Amino acid sequence: MDFGNLKMYIGGKLLDSQNKSTKKIICPANESVIANIAWASSVDSELALDAAQVGFKNWSSFTLEKRTDWISKLRDAVLKNEEILRTAIMFEMGKTYEASHEDVEALINSLNFYPKAMKTHFQNINIDDEENTHTHSMVYSPVGVAVAYLAWNFPLLNVAFKIGPALASGCSIIIKPSESSPVSAYILGKILHDINFPAGVVNILCGDPEQVATTLSKSTIPRLVTMIGSTNTGKRVIADSTTSIKKLSMELGGNAPFIVFDDADFEAALDLAIGIKFGNSGQICVAANRFFIHKNIFDSFLKAYVERVNKIKLGFGKNEKVDMGPLINFQARKRIMNLVKDAVNNGAHIETGGNIPEKFKKGYWLEPTVLSNVNSKMKIYKEEIFGPVACIMSFDHENEVLTLANDTKYGLASYLFTKDKDRIEYFSKNLDFGEVQVNGIKYAIYLPHGGVKDSGLGHDCSHYALEDYLSKKRVSIAI
């Protein structure tokens, strides 16, 4: 598949980079070139900042109803172009075609949800005056230009989490997709251009982070910097942003525990333990990394889990019925294989997988892998795996597993399976994570998504995300 030469979208125009630089984008499934994108420099970043500033002045003057009309027009255009967007995601990420639906669905849901959430939750609030001398109100206003840095693992889902609240609140936005998967975002830029979306409100460009991200973060124009990515990248972005006082919202790394007690629904826990680990080839911020299984069911769970993992079908292509694709690049696979090697060298046992599959001569494939006998001193226990490797461990007592689960610098998602109501209450209170999901797993645009500790600041999804894009002003009028 060749998506041709793709241009940046800045100030309502499709543009080549000022220095005419381009970059070839490679499909991780077969290492073929799928697109040649305009590769932005610091000059292009400055152009985007100026365009977004002008776009904000225009967009923020629109009524919510007028903004909603434009957002609906974009939604309809996305639906019309769903096939090419899904195909682009499949080729730039290597994910299954079936899984690509989640990205486009998330974008549609975001464009539907946020205008309604803005209207429902962020109307001006009156404050009573105890002396009856004034009237007071809290007025919500868009903060200004937002800059969004996106991870490569869900190219359009990550766009969805940022563009919906930005547009509904009245902000303009500069979107920098990942260098690994920018194709679908660039196609979205063309869609915005083709429907004559108001100029400068959305700007999309990608380039070397030292050129693009550093320029955007250090500028005093943005009033909000938001991102989805690694904790180390988040720390760098925060440091670069200190040239002015900016709002920050970040969804960063995770190291999710998956705790199964012996009274849990065994089959339900097993099903979800497969999906939350090997979906998107394990390249999910909320993927379970550390599986803690009660000693009474550990052997049966491990056996059943390995049997299920061995049935996972690898493959790539629109007409292929497969369960899992490749990793994003060679470096990602090398890093994960080194984590597995380190674990084995320190006593872990490979129950299945751990190798590059023989049938795939090109691409960045890795067998779905299960490790047992993992302990808290291993790198794979402490680091975010971000790949198809499950670490299965046993535990005996509640306090023991709670301590193990919380033994991480990350605090994004956690999963608990038990029927004991007192235990659910205890763990819900004491698991040190932004999300505790009990006896099931659900994510939706209307549900808050955020972490604590090194997993980030603020929230994506739900009306809480809008708080990052809005400022509050008190207006007091003497009677």
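Residues numbered from 1 in each chain as written. Predicted model: local features only at pLDDT ≥ 70, side-chain atom pairs only at ≥ 80, totals over all residues. Heavy atoms only, no water.

(A) Looking closely at the packing of aromatic side chains. By the definition in use, this model includes 20 aromatic pairs. Both rings, one in tryptophan 59 and one in phenylalanine 197, keep their centres 5.4 Å apart while their planes meet at 40°; by these two values the pair is tilted. One end of the pair, tryptophan 59, is in helix 1 (residues 42–59); the other, phenylalanine 197, is in the loop between helix 6 (183–194) and strand 10 (202–204), with 138 residues separating them in the sequence. The burial state of tryptophan 59 is the same as that of phenylalanine 197; both residues are buried. Taking 5.6 Å as the distance between ring centres and 85° as the angle between the ring planes, the aromatic pair formed by tyrosine 426 and phenylalanine 427 counts as edge-to-face. Exposure remark for tyrosine 426: the relative accessible area of 32% places this residue in the partly exposed category. Members of the aromatic cluster, joined through ring pairs, are Phe258, Phe266, Phe278, Phe291, Phe301, Tyr305, Tyr415 and Phe417. Directly above the aromatic system of tyrosine 97 lies the positively charged group of arginine 86, at a separation of 4.1 Å from the ring centroid. For the cation-ring pair, lysine 453 lies above phenylalanine 433, with the distance from its terminal atom to the ring centre recorded as 5.6 Å. (Phe/Tyr/Trp six-rings, centres within 6.5 Å; stacked < 30°, edge-to-face > 60°. Helix = DSSP H or I, 4+ residues; strand = E, 2+ residues; numbered from the N terminus. Buried < 20%, exposed > 50% of the residue type's maximum accessible area, 1.4 Å probe, protein only. Lys NZ or Arg CZ within 6 Å of the ring centre and 35° of its normal.)

(B) Spotlight on the packing of helix 3 (residues 82–93) against helix 4 (residues 97–121). Two elements in contact, helix 3 and helix 4, have axes whose closest approach is 9 Å; the angle formed by their N-to-C orientations is 120°. The two elements helix 3 and helix 4 cross, and the hand of that crossing is right-handed. Contact residues: Glu82, Glu83, Leu85, Arg86, Thr87, Ile89 and Met90 in helix 3; Tyr97, Glu98, Ser100, His101, Asp103 and Val104 in helix 4. Among the residues forming the contact of helix 3 with helix 4, the class breakdown is five nonpolar, three polar and five charged. (Axes fitted to C-alpha atoms, helices over the stretch in contact; angles between N-to-C directions. Left-handed = near helix turned anticlockwise from the far one by under 90°. Contact = heavy atoms within 4.5 Å. Nonpolar A, V, L, I, M, F, W, Y, C, P; charged D, E, K, R; others polar.)

(C) How the structure looks around the pattern of salt bridges. Inspection of the entire model under this criterion finds 15 salt bridges. Among the salt bridges present, the one from aspartate 263 reaches arginine 423, with a minimum N-O distance of 3.4 Å. Of this pair, aspartate 263 sits in the loop between strand 13 (256–260) and helix 9 (266–278) while arginine 423 sits in helix 14 (residues 421–430), and the two are 160 residues apart along the sequence. Using a relative accessible area of 13% as the deciding quantity, one classes arginine 423 as buried. It is possible to trace a salt-bridge network through shared partners that takes in Glu210, Arg236 and Asp240. (Salt bridge = Lys/Arg side-chain N within 4 Å of Asp/Glu carboxyl O.)

(D) Representation of the sheet that holds strand 5 (residues 33–38). Taken together, three strands build an open sheet; the order of strands is 1-5-4 and the sheet is mixed. Each of the sheet's edge strands pairs with one partner strand only, and the pair in question is strand 1 (5–6) and strand 4 (22–26). Relative to strand 5, strand 4 is paired through five bridges, and the arrangement is antiparallel. Paired with lysine 24 across the bridge in strand 5 is asparagine 36. Helix 6 contacts strand 1, strand 4 and strand 5 of the sheet and is inclined by roughly 55° relative to strand 5. (Pairing = 2+ DSSP bridges.)

(E) Structural context of the environment of tyrosine 9. Structurally, the position occupied by tyrosine 9 is in strand 2 (residues 8–10). With a relative accessible area of 1%, tyrosine 9 lands in the buried category. Along the backbone, tyrosine 9 and glutamate 320 are 311 residues apart, and their C-alpha atoms lie at a distance of 33 Å. Those residues within four positions of tyrosine 9 in sequence are excluded, and the remaining contacts are Leu14, Gly189, Leu192, His193, Phe197, Val202, Asn203 and Ile204.

(F) Layout of the sheet that holds strand 19 (residues 435–438). The strand order 15-16-17-14-13-18-19 describes an open sheet built from seven strands, whose pairing is mixed. Edge positions in the sheet fall to strand 15 (349–352) and strand 19, since each of these pairs with one other strand and no more. Put simply, the sheet's adjacent strands are angled 25° from each other on average, direction ignored. Sheet topology places strand 16 (residues 369–372) next to strand 17 (residues 389–395); four bridges connect them, and they run parallel. The residue of strand 17 that forms the bridge with serine 372 is isoleucine 392. Together, strand 13, strand 14 (288–294), strand 15, strand 16 and strand 17 form the strand contacts of helix 10 (residues 298–309), whose direction differs from that of strand 17 by roughly 170°.

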